[in-house]
Amino acid sequence: MRDFIFSLRQLRRSPAFAITAVLAIALGIGANTAIFSVVNSVVLKPLPFKDPGALVLVWEHNFARNRVKNVVNPANYFDWKNQSHSFTAMSAIIDVRANLLEGEPEQIREQIVEESFFPMLGAQPLFGRVFTKEDDKFGAPRRVILAHSFWARKFQSDPNIIGRGINLDSKPATVIGVMSADLLPLGQPVDLWMTGFFEPGKNYRNKFGRFMRVAARLQPGVNPKQAQTELAGIAQRLEQQYPEFDKGWGVNVVPLHEQFAGPSRTPLMILLGAVGFVLLIACANVANLLLARAAAREKEIAIRASLGASRSRLIRQFLSESFLLATLGGGLGILLGAWILSLIKVFGPENVPRLSAANLDWTTVAYCAAATLLASVIFGLAPALAAAREDFSAALKDSGRGSSSRRGNRLRGILIVAETALSLMLLIGAGLLLKSFSRLTSVDPGFDPRNVLTLSMGLSGNGISPAQTTAFYSDAIDRLKHLPGVRDASGITFLPFSGPGAATGFSVVGRPPAAPGEKFVTDVRMVHYDFFRTMSIPLKKGRFIEMNDYRAEAPRKFLVNESMAKQIFHDEDPIGKQLVVQMGDDAPGEIIGVVGDVKYAGFDGEVRPMVYYPHPHLAVRFMTLVVKTTGDPRGTIASALTAIRELAPTQAVTDIKPMSDWMAESVAQTRFQMSLLMGFAGLALVLAAVGLYGVVAYFVEQRTQEIGIRMALGAQPSAVRLFVIRQGLELVGVGAVLGLAGALALNRIFAQLLFETTSTDWPTYAGVTVLLIAIAVVASYGPARRATRIDPVNSLR
């Protein structure tokens, strides 16, 4: 206790030293606190379900297309469910959109599940009940369970909501429950759940593709690998039994925690390592400060030793001061970490699971305490040992002033070298991510996103015929075209960059039938005939869809993309060829044109074969309208909504935003990772520059007499500046070499995050190294300039 009190008095006498040291530690601890909170929430914490380790997702595996997490066909799911013994429960999950006609029409996110879904998760409702077998029967009265956030927003947390009827897609539905707020949705955010989808006896392999996900709970004592083995055997039997449908398809069992945390684990662990580097650099800075402070206290330490203080006693006193600094810095760091975490939650991407739930819980506090304790040992032990090993007799002599600091100088140099190496490694990582992100966002998406507004709709109501559906969207597009500031308008079923779309098999008329499992597969989009002109998608061959093609009774016409033309027809001319696309009916259609490839799956997504239908030939009820404007598309939102509501006041409109927002959201997680790593690398660079400045300034102070003699003998100021700057550059040079070697050793880790950029990109390595050296010159210039102002007469006294 006496040591702590003495240390506190010492810090009060040196406020500049105390503030600098505490701030350096706080920056390191704060960054670690924020990132560990995110890692803990997203990666480390168990999912908020009953026995979450037993929960898995089951996917189909398309071997030909190497899609290990493909959505599932209902018929295959029923066979898994009936023939497997590895699970206590299984439930299908189907994500759809629905129109809620309660007050202002609203399109909501609905999840169709089975009655086993909530008991399987161990989820209990806040109000009401969960689904029963009676609710799950096809044709039973529609009953829904509300998500807590939706209940609070739409129904103002009405406790009497149970039993209330709502208008869902122009059909009545009854609310039977409200789920608790801590239920984590499986997949996209959910507004409500419904059941009763599957029709008994229906052949879901005929005219139905793969469109749902499957969740399951393992039997006690069964692990995912055992379940995988059992389902793989079932899949092989299904291949033999239904070769036309299941040839080339397998099963993939994925633990639920891996499904949630897997995509975010590597980037977050890299960020956690980066903030660990920042903390080490901060510790090195504080250690340098303590070394300089110990050198200034040489006589005091020598007197204590001469009065009987042992070396262990002196080390303990130094460690008490470092622990006090670490405690103050750690406390401030936790507050700073909470602020950084709040910024991460506000600006972080929505697709990072459980990011919004990250907080400073007891696990995070314990981590911070351990980091603080470790920091105090790291930056306190070296100065303490260096001070305790000094020659106390020399320090008591007047001539001994500064004579015993050679070991401290060497240690200070080592610390600067370490700071430089760590900073350079972080800077190289940030530089690689920046270059990767630049290349990613410069990829040509295949269309012009500028000044494009998007509005999504899904028609609801009984008795709406395909002809009425086509007529509605044609009328809506025509109204939008005539709005002020609108150049053109059109529509498509699945917008680029908006997520998964539709895909199916197809064949080329006149070619021999493909063997089972070797059928061609294509993505499919239904479009308004003006879509390609509105989005500036180029025509490569043939012609676009015209008005005469845009009729249900017209002969079926197709447009295909360049990828299909190259992969399927090679050197043949695809114009005039006939396709049978297995979507809707199997009527053949003629290819009339080839259009440019479009990046539907994002900047880094592969371009797959694509077939475009005129909407009347497959008149689905959902479509995204695209409006090309002359200026900022946000200025057209109000007039576009008015035009649509005048035409259909009871239909909901959603996803009202510029096309550029869709594209920004697709790279939001990459931008998030890059921004954080760049921020931490910048912080590391600043800390390293401050540390270098301190060391060079201390060098000037120590060698004042030598510099004075040099100037007295005629040394020019430029030569003195160069002499001082060279001392800093020598340390930085050694650190740069070690940093380059460290970056090369870690290149495999960085490679996982890069797009069209090698982890050994030498221009990035060279550019970052030059930047670091330039910063080192700037940091050294201040002390060097001050050295030239030394008065030789005064320095010799």
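Quantities reported herein were computed from a predicted structural model and do not represent experimental measurements. All residue numbers refer to positions counted from 1 along the written sequence of the respective chain. This being a predicted model, a pLDDT of at least 70 is required before a residue's local features are given, and a value of 80 or more before pairs of side-chain atoms are given or counted; all residues contribute to the totals for chains, interfaces and linings. Neither water nor hydrogens contribute to the side-chain values; these are computed over all heavy atoms in the structure.

1. Examining the overall build of the protein chain
How we decide: Only DSSP runs of H or I with at least four residues qualify as helices, and only runs of E with at least two residues qualify as strands; both kinds are numbered from the N terminus onward. Contact definition: two residues touch when any of their heavy atoms are within 4.5 Å. Each accessible area value is a Shrake-Rupley result obtained with a 1.4 Å probe; residue values ignore everything except the protein chains displayed when judging cover. The convention is simple: Lys and Arg are positive, Asp and Glu are negative, and His and the chain ends are not counted. Taken as the charge location is NZ of Lys, CZ of Arg, CG of Asp or CD of Glu.
Check the secondary structure of the protein chain and you find 24 helices and 22 strands. Long-range contacts, defined as pairs at least 24 residues apart, comprise 82% of the intrachain contacts of the protein chain with a sequence gap of at least 6. Per element, the accessible surface of the protein chain, about 35,300 Å² overall, is 58% carbon and sulfur. Positive and negative charge centroids in the protein chain, built from 82 and 65 side chains respectively, lie 10 Å apart.

2. Comments concerning unusual backbone geometry
The bulk of non-glycine residues show a negative phi, and the bulk of peptide bonds are trans. Inclusion rule: With a 1.4 Å probe rolled over the protein chains alone, any residue whose accessible area is under 20% of its type maximum counts as buried; one over 50% counts as exposed, and the rest are partly exposed.
Despite not being glycine, Phe-497 shows a phi value in the positive range, around 70°. Tracing the backbone shows Phe-497 in the loop between β13 (486-492) and β14 (502-508). Classification of Phe-497 by relative accessible area gives buried; the value is 8%. In this structure, Glu-756 is a non-glycine residue whose phi angle is positive, near 50°. Residue placement: Glu-756 occurs in the loop between α22 (747-751) and α23 (762-787). By relative accessible area, which is 56% here, Glu-756 ends up exposed.

3. Overview of the environment of Arg-786
On the secondary structure map, Arg-786 appears in helix α23. Taking the relative accessible area as the measure of exposure, Arg-786 reaches 41% and is therefore partly exposed. Separated by 208 residues in the primary sequence, Arg-786 and Gln-578 have C-alpha atoms spaced 83 Å apart. Residues within four places of Arg-786 in sequence aside, it is in contact with Tyr-693 and Ala-697.

4. Digging into the packing of helix α1 (residues 2-13) against helix α10 (residues 311-347)
To be explicit about the condition: Axis definition: a line fitted to C-alpha atoms, over the contacting stretch in the case of helices. Angles run 0 to 180 degrees between N-to-C directions. Orientation labels follow simple angle bins: below 35 degrees gives roughly parallel, above 145 gives roughly antiparallel, 65 to 115 gives roughly perpendicular, and whatever is left gives oblique. In this scheme, a crossing is called left-handed if the near helix is turned counterclockwise away from the far one by less than a right angle; it is called right-handed if the turn is clockwise. Charged residues are taken to be Asp, Glu, Lys and Arg, nonpolar residues to be Ala, Val, Leu, Ile, Met, Phe, Trp, Tyr, Cys and Pro, and polar residues to be all remaining types, Gly included.
Contact pair α1 / α10: the axes reach a minimum separation of 9 Å and the direction vectors enclose 60°. Regarding the angle of α1 to α10, the classification is oblique. Like other packed secondary-structure pairs, α1 and α10 cross with a definite hand, here right-handed. From α1, Asp-3, Phe-4, Phe-6, Ser-7, Leu-8 and Leu-11 reach across to α10, where they touch Arg-313, Arg-316, Gln-317, Ser-320, Glu-321, Phe-323, Leu-324 and Leu-325. Among the residues forming the contact of α1 with α10, the class breakdown is seven nonpolar, three polar and four charged.

5. Looking at a nonpolar patch on the surface
The condition that has to hold: Only residues above 30% relative accessible area that lack a salt bridge enter a patch, with like-charged residues linked at up to 9 Å and the nonpolar side chains Val, Leu, Ile, Met, Phe, Trp and Tyr linked at up to 5 Å. The salt bridge criterion pairs a side-chain nitrogen of Lys or Arg with a carboxyl oxygen of Asp or Glu, the two atoms within 4 Å.
Together, Met-1, Phe-4, Ile-5, Phe-323, Leu-373, Val-377 and Leu-381 make up an exposed nonpolar region whose accessible area comes to about 630 Å². Looking at which element gives the most residues to the nonpolar patch, the answer is helix α11 (residues 362-388), with three residues. By the element assignment, Phe-4 lies in helix α1. Judged by relative accessible area, which is 32%, Phe-4 ranks as partly exposed.

6. So, the side chain of Asn-32
Quick reminder of the rule: Any N or O atom pair separated by 3.5 Å or less is treated as a polar contact, with the protein-specific requirement of one donor-capable and one acceptor-capable atom, and with residues adjacent in sequence counted only for side-chain atom pairs.
Checked against the element boundaries, Asn-32 lands in helix α2 (residues 15-44). Asn-32 gets classed as buried once you look at its relative accessible area, which sits at 2%. Among the polar contacts listed, one links the side chain of Asn-32 to the backbone oxygen of Val-275, at a separation of 2.8 Å. There is a polar contact of 3.1 Å between the side chain of Asn-32 and the side chain of Tyr-367.

7. A word on the pairing of strand β19 (residues 589-595)
To be explicit about the condition: For two strands to pair, DSSP has to find at least two bridges joining them.
Among the seven residues of β19, six are classified as buried, and the element is accordingly described as predominantly covered. Judged from the three bridges that link them, strand β16 (residues 539-542) and β19 form a sheet pairing that is antiparallel. Across the sheet, the residue bridging to Lys-541 is Val-594, located in β19. In this sheet, β19 lies alongside strand β17 (residues 557-561) in parallel orientation, the contact comprising five bridges. Within the sheet, the bridge partner assigned to Phe-558 lies in β19 and is Ile-591. Sheet topology note: the strand β18 (residues 578-581)/β19 ladder contains two bridges and is antiparallel. Bridging from a neighbouring strand, Gln-578 pairs with Glu-590 of β19.

8. Topic: the pattern of salt bridges
Summed over the entire model, instances satisfying the criterion amount to 39 salt bridges. With a closest N to O distance of 2.9 Å, Asp-135 and Arg-143 form a salt bridge. On the basis of relative accessibility, which here comes to 3%, the residue Asp-135 falls in the buried class. According to the relative accessible area criterion, Arg-143 is partly exposed, its value standing at 25%. Residue Arg-479 pairs with Glu-646 through a salt bridge whose shortest N-O separation is 3.5 Å. Taken as a pair, Arg-479 in helix α14 (residues 466-481) and Glu-646 in helix α17 (residues 637-647) lie far apart in primary sequence, 167 residues in all. The exposed category is assigned to Glu-646, whose relative accessible area is 54%. Connected through salt bridges with shared partners, the residues Glu-60, Asp-79, Arg-205, Arg-210 and Asp-246 form a single ionic network.

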